[in-house]
Amino acid sequence: MTRKIKRSVCPYDCPDACGLLIEVVDGKAIKVTGDPDHPFTRSTLCPKMNRYQETVHSPLRLTRPLLRTGEKGTAQFHPISWEEAIDRIVNHWQGIIKRSGAEAILPYSYAGTMGLIQRNAGHPFFYRMGASRLERTICSPAKEAGWQAVMGNTPAPHPDEVAESDLVILWGINAVATNIHFLHGVKIARKKGAKVWLIDTYKTLTSSVVDQTYIVRPGSDGALALGLMHLLVRHSLIDNDFLAAHVQGFEELKEKILPDFPPEKVSRLTGLSPETLESTAKAYGKAKAPLIRLGSGLSRYGNGAMNVRTIVCLPALVGAYGKRGAGCFTGTSTAEAFAMSEVFREDFMKGKTRIVNMNRIGWALNEIQNPPIQSLYVYSSNPAAVAPDQNQVLKGLAREDLFTVVHERFLTDTARYADMVLPATSSLEQSDLYRSYGTYCIQRAKPVIPPVGESKPNWDVFCLLARAMGFDEPFFHQTADDLIDHLLSLPAPMRNGIDLKAFSTGKAVEIPLPSDARIRFRTPSGKVELLNPKQSHPLPLYIPPYGGDEPFYLMAAPSFYALNSSFRERADLLKKERGMLLKMNPADAEGKGFKEGDPVIAFNWLGEVSFVLSVTPDVPQGVVVAEGVWWLEHSPGPRSVNALTSQRLTDQAHGSTFYDNTVDVRPDQREL
Ligand SMILES: Nc1nc2c(c(=O)[nH]1)N[C@H]1C(S)=C(S)[C@@H](COP(=O)(O)OP(=O)(O)OC[C@H]3O[C@@H](n4cnc5c(=O)[nH]c(N)nc54)[C@H](O)[C@@H]3O)O[C@H]1N2
Ligand SMILES: Nc1nc2c(c(=O)[nH]1)N[C@H]1C(S)=C(S)[C@@H](COP(=O)(O)OP(=O)(O)OC[C@H]3O[C@@H](n4cnc5c(=O)[nH]c(N)nc54)[C@H](O)[C@@H]3O)O[C@H]1N2
Ligand code: SF4
Ligand SMILES: [Mo]
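Residues numbered from 1 in each chain as written. Chains lettered and ligands numbered in written order. Predicted model: local features only at pLDDT ≥ 70, side-chain atom pairs only at ≥ 80, totals over all residues. Heavy atoms only, no water.

Student: Mind showing me how you'd approach the site of ligand 1 here?
Tutor: In the vicinity of ligand 1, 32 residues are found, and the nearest of them are Thr 178, Asp 200, Asp 221, Ser 296 and Ala 562. In the model, an oxygen atom of ligand 1 is placed 2.9 Å from a nitrogen or oxygen of the Asn 174 main chain. Contact between ligand 1 and Arg 300: an oxygen atom at 3.0 Å from a side-chain N or O atom of the residue. Where the shell around ligand 1 is concerned, the elements lending two or more residues are helix H6 (175-178) and strand E9 (195-200). Of the residues that constitute the shell around ligand 1, the class distribution is 16 nonpolar, 11 polar and five charged. Residue contributions to the shell around ligand 1 reach at least three from each of two domains, namely domain 3 (142-333 + 516-529) and domain 4 (552-667). (Near = heavy atom within 4 Å. Polar contact = N/O pair within 3.5 Å; in protein donor to acceptor, adjacent residues only side chain to side chain. Helix = DSSP H or I, 4+ residues; strand = E, 2+ residues; numbered from the N terminus. Nonpolar A, V, L, I, M, F, W, Y, C, P; charged D, E, K, R; others polar. Domains from an automatic or database assignment.)

Next comes the structure, spelled out in C-alpha cells:
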C-alpha cells in the first residue's frame, strides 16, 4: 500500500480558489482537506468539497466514449473506442465544413474547471478551425462593466483587509454559500466591534451571521445607492478633501441627479422605509472604514451594470477608497498574472468569425441561419440546465440535424442529448494553473491520481482533435505542462515578488499588491469617475429592471450544497437538501390557499416548472425563491428553474439576467 499527501487546487467556479490536500492510497483519492498553508483557505473547506473524493470516484463518472443509440434526450448509448470517437467527430466536421463552412460549428464551454489551461483548451482549436465564437457572458460581465465605468482598472484591495473595517456591507452576496472564506476576516472585524449588514432580496443563510439584514425590492439597489448619496449630502457626511483631490464629477452628480432621490421616492422604489434610509445613511457616513463586499446577484438584471456602477460611486462620497479596510470589493483582477494570449491563441483565427452569445444559445440553436449551427461541442458546461430559457435550449438540443458532442465527467442533462459523449478527467487527474477572482493567490497543480477509466483532460482531447483535423502547428503537439512551463517562462510584472520556491513546490502564493494602489486610480482621469464622459449616461442614474407581468419576482439563487449544476452527482449532498423547493412568504401562500409541502407549478411566458412549496417568512411578499440548478432527473417535473428565466441581456456587456423574471404560481394538479 502506498499512502501520500499531495497538493491540489479546488477547480470550481468560486472566488475562494481553495488549496487542497489530497490523501492518495494506491492511486485513489481517499480524503480531501483544506490546505493549512493556503493563505485564504486556512485548513477549512466548504461542505461541497470536504468529500471531493466522492465526486472523483463516483460510480456515476463517465469512463468511456459513448455513441448515441436511441432518441435524443433519452440517454441511450453504447461505448466506443477513443479512436472511433475522434474519427467520427472529425469526419462529421469535415463534411459540415465542406458543405457550409466552419461557422456552422459552435463550441460551448464555461467554468466546469477554472484552471487556465483546461478551461481555455478549446480556444486555439476552434480559432484555428474558423468555427463560430462563443461570447462567454453567462456570469457577471455587467458587474465588471459597472465597476469599470467608475474605477477603470483599479485593483481591488486585499480581501483580508475586511478585518480592518468597522462597517461591512455584504451587498447582494450570499457569502455563507458562495464566498465562505471571506467571512474569516469579517468575523475578526466583528470581534473588534464592526457592524455587519446584508442587503438582499430575501433572508439568505448569510443573514444569520450579520447584525442587520435589509430586504430590498429586486433590481432596486441603484435607487438605494442614489438615495443614500442624497442623504449623505443632505447631512454633510461627505469627505470634501477626498472628493476635491480624487473624484471627478461630484458637483454634477450632486446638482443633476441626487436631488431626484429623496427618501420618500427611494422608499417607494426599494421597499425600505424613509426612517431606515436615514439611519442607514447616517451609520454609513459616520463609519471610519466602511467596506462593501459586492456580489453579482444584483448585476443579473436589465439594469445590472447601472446598479453596480451606482453602488461603486457610494464609497467615493465618504472617502472610503482612500482608506484601509474600506471601499468596495467586487473581486480581484489577476488577468495580468499570465500572458493569456499564449493560451487563447487568437492569432490562429484567419478572419473574424461569427459571435454567438452563450445566454442566447436557445435562440441560436433554433433561429440562426447562414449557416445554421449544425454541430455543437460542449465541454466544462451544462447548458441544458444552466442556460436561460431551458425550453428553447432543449428544443435546440433535440434537433436531429444537430451533431452534438459533450465532453463531461457525468451524464448531465446536456450529455443526455449528445450524439457522442467523451469522458473527462476531474481536476485531480490533470495538470493546471490556477488564479482566483476573490484572492490574489496563484497555484500550479499536477495530477495526483491517474485518469479514472479512459477519461481525458480537455487539453489532451483538443490535441487529438487538432491532429486528426490535420492542424500541424507545433502548439497542438505539446502537453499541458509544456504550455504551463512556457507561460511561467514569460515575464509578467504582476508576478514580480512572488515566492518562487513555494510556488514551484505546488503551494499557493500571493501576488503582491502595488503599495500605492490605495490612491492611484487606474482610470483615464486618474480619479474616481462619478462622471464618465465615455458612458452613454455620463452620470449614474436609476433605470428600472425589466420586471414582468406576473405577481412574483423569481430569485433563481445559488444553493448551499451545489455549485450551479455541479455536485448533483453526490447523493450525500442531495440528501441534505429538501428537494427542489419554491420558497414563498406565508401571506402569499395563504392568499393562494397553499400550505407547506404542496406540489406547485411556477409559470410565466417562457414555461412552467414543478416545485415543492416551502412557506417561510424569510422571503418577502411578492418574491419567490428557487435555490440551485437541479438536474432534470432530480426535479419533480420535466423542467428545472431555467425554464422560467429569459434570454434577455443586461444593459451593458451582454450578461445574463437570471434574477430579472416574474412568475405566477398554481397548484400542481398532476400530483393531486
Ligand atoms: N454554494 C455555491 N457556491 C457558488 C455557486 C453556487 O451555485 N453555489 N456559484 C458560483 C458562481 S458561478 C458564482 S458567479 C458565484 C455567485 O456569487 P454571486 O452572484 O456574487 O453572489 P451570490 O452569493 O450568488 O448571491 C447573489 C445574491 O444576490 C441576491 N440578489 C438577487 N437580486 C438582488 C437584488 O436586486 N438586490 C440585492 N441586493 N440582492 C439581490 C440573491 O438573492 C443572492 O442571495 O458563486 C459561486 N459559488
Ligand atoms: N437558475 C440559475 N442559473 C444559473 C445560475 C444561477 O445562479 N441560477 N448561475 C449562472 C452562473 S453565475 C454561471 S457561472 C453558470 C455556470 O454554468 P457552468 O459553467 O455550465 O456550470 P456547471 O453547472 O457547474 O457545469 C460545469 C460542468 O463542467 C463539467 N466539468 C468539470 N470539470 C471539467 C473538465 O475538466 N472538463 C470537462 N470537459 N468538463 C468538466 C462538470 O461535470 C459540470 O457538469 O450558470 C448560470 N446559471
Ligand atoms: S469554498 Fe469554493 S474554492 Fe473553497 S473548496 Fe469550496 S467551492 Fe472550492
Ligand atoms: Mo458564475
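Next comes the rest of the description.
Student: What is the right way to look at the sheet that holds strand E13 (residues 327-329) in this model?
Tutor: As a general point, the strands of a sheet are linked pairwise by backbone hydrogen bonds and lie either parallel or antiparallel. Strand order in the open sheet made by the five strands is E10-E9-E8-E12-E13, with parallel pairing throughout. Looking along the sheet, the strands with just one partner apiece sit at the ends: strand E10 (212-215) and E13. Strand after strand, the sheet turns through a mean of 20° between neighbouring axes, direction not considered. Both strand E12 (residues 290-294) and E13 contribute to a ladder of three bridges, which runs parallel. Bridging from a neighbouring strand, Arg 293 pairs with Phe 329 of E13. (Pairing = 2+ DSSP bridges. Axes fitted to C-alpha atoms, helices over the stretch in contact; angles between N-to-C directions.)

Student: Explain the layout of surface pockets to me, please; I cannot follow it from the model alone.
Tutor: Summary: where empty space remains is shown by rolling a probe the size of a single water molecule over the atoms. Put simply, the second largest pocket is a space of about 410 Å³. No fewer than three residues from each of domain 3 (142-333 + 516-529) and domain 4 (552-667) sit in the lining of the second largest pocket. (1 Å grid on protein atoms, 1.4 Å probe; cavity = no way out; pocket = protein on both sides within 12 Å on 5 of 7 lines; lining within 4 Å. Points joined across faces, edges and corners; volume = space filled by probe spheres on them.)

Student: I'm lost on the environment of Arg 268 in this one. Help?
Tutor: Among the structural elements, Arg 268 can be located in helix H11 (residues 263-270). Once the C-alpha coordinates of Arg 268 and Ser 220 are considered, the two residues, 48 residues apart in sequence, prove to be 9.9 Å apart.

Student: Whenever I open this one, the packing of helix H8 (residues 221-234) against helix H13 (residues 304-317) confuses me. Can you help?
Tutor: What describes two packed helices is the angle between their axes and the distance between those same axes. Interhelical geometry of H8 versus H13 gives an angle of 20° and a closest axis separation of 8 Å. Classified by the angle their axes make, H8 and H13 are roughly parallel. H8 and H13 meet at a crossing whose hand is left-handed. For the pair H8 and H13, contact is made by Asp 221, Gly 222, Ala 225, Leu 226, Leu 228, Met 229, Leu 232 and Val 233 and by Asn 307, Thr 310, Ile 311, Cys 313, Leu 314 and Leu 317, respectively. Class assignment of the residues belonging to the contact of H8 with H13 gives a composition of 10 nonpolar, three polar and one charged. (Parallel < 35°, antiparallel > 145°, perpendicular 65-115°, else oblique. Left-handed = near helix turned anticlockwise from the far one by under 90°. Contact = heavy atoms within 4.5 Å.)

Student: Can you help me understand the site of ligand 3 in this one?
Tutor: Around ligand 3, a shell composed of Cys 10, Cys 14, Asp 16, Ala 17, Cys 18, Leu 45, Cys 46, Lys 48, Met 49 and His 181 is seen. Partitioned by chemical class, the residues of the shell around ligand 3 number seven nonpolar, one polar and two charged.

Student: In this structure, what is going on with the sheet that holds strand E6 (residues 105-109)? I would like to understand it.
Tutor: Spatially, E5-E4-E17-E16-E15-E6 is the arrangement adopted by the six strands of the open sheet, whose pairing is mixed. Two strands bound the open sheet, and with one partner strand each, they are strand E5 (77-79) and E6. The average angle at which neighbouring strand axes cross in this sheet is 20°, direction not considered. Pairing of E6 with strand E15 (residues 375-379) involves five bridges; the strand directions are parallel. Bridge pairing links Ile 105 to Ser 375 in E15. Running over the sheet, helix H4 (residues 122-129) touches E6 and E15 and is turned about 165° from E15.

Student: In this structure, what is going on with the packing of helix H5 (residues 141-151) against H13? I would like to understand it.
Tutor: Interhelical geometry of H5 versus H13 gives an angle of 40° and a closest axis separation of 7 Å. Taken together, the axes of H5 and H13 are oblique relative to one another. The element H5 and its partner H13 pack so that their crossing is right-handed. Here Ala 142, Lys 143, Ala 145, Gly 146, Trp 147, Ala 149, Val 150 and Met 151 of H5 lie close against H13, whose contacting residues are Gly 304, Ala 305, Val 308, Arg 309, Val 312 and Cys 313. Here the contact of H5 with H13 is built from residues that sort into 10 nonpolar, two polar and two charged.

Student: I'm lost on the packing of aromatic side chains in this one. Help?
Tutor: The way to describe two aromatic rings as a pair is by their centre distance and the angle between their planes. Counted by the stated rule, this structure contains 24 aromatic pairs. Consider the rings of Phe 125 and Phe 126, whose centres lie 5.0 Å apart with planes at 80°: the pair is edge-to-face. As far as burial versus exposure is concerned, Phe 125 and Phe 126 are alike and both buried. Ring pairs connect the aromatic residues Trp 93, Phe 125, Phe 126, Phe 348, Tyr 377, Tyr 379, Trp 459, Phe 462, Phe 471, Phe 475 and Phe 476, which therefore count as one cluster. Above the face of the Tyr 110 ring, Arg 119 is positioned so that its terminal group lies 5.0 Å from the ring centre. The ring of Trp 82 has Lys 456 lying over it, and the distance from NZ or CZ to the ring centre is 5.3 Å. (Phe/Tyr/Trp six-rings, centres within 6.5 Å; stacked < 30°, edge-to-face > 60°. Buried < 20%, exposed > 50% of the residue type's maximum accessible area, 1.4 Å probe, protein only. Lys NZ or Arg CZ within 6 Å of the ring centre and 35° of its normal.)

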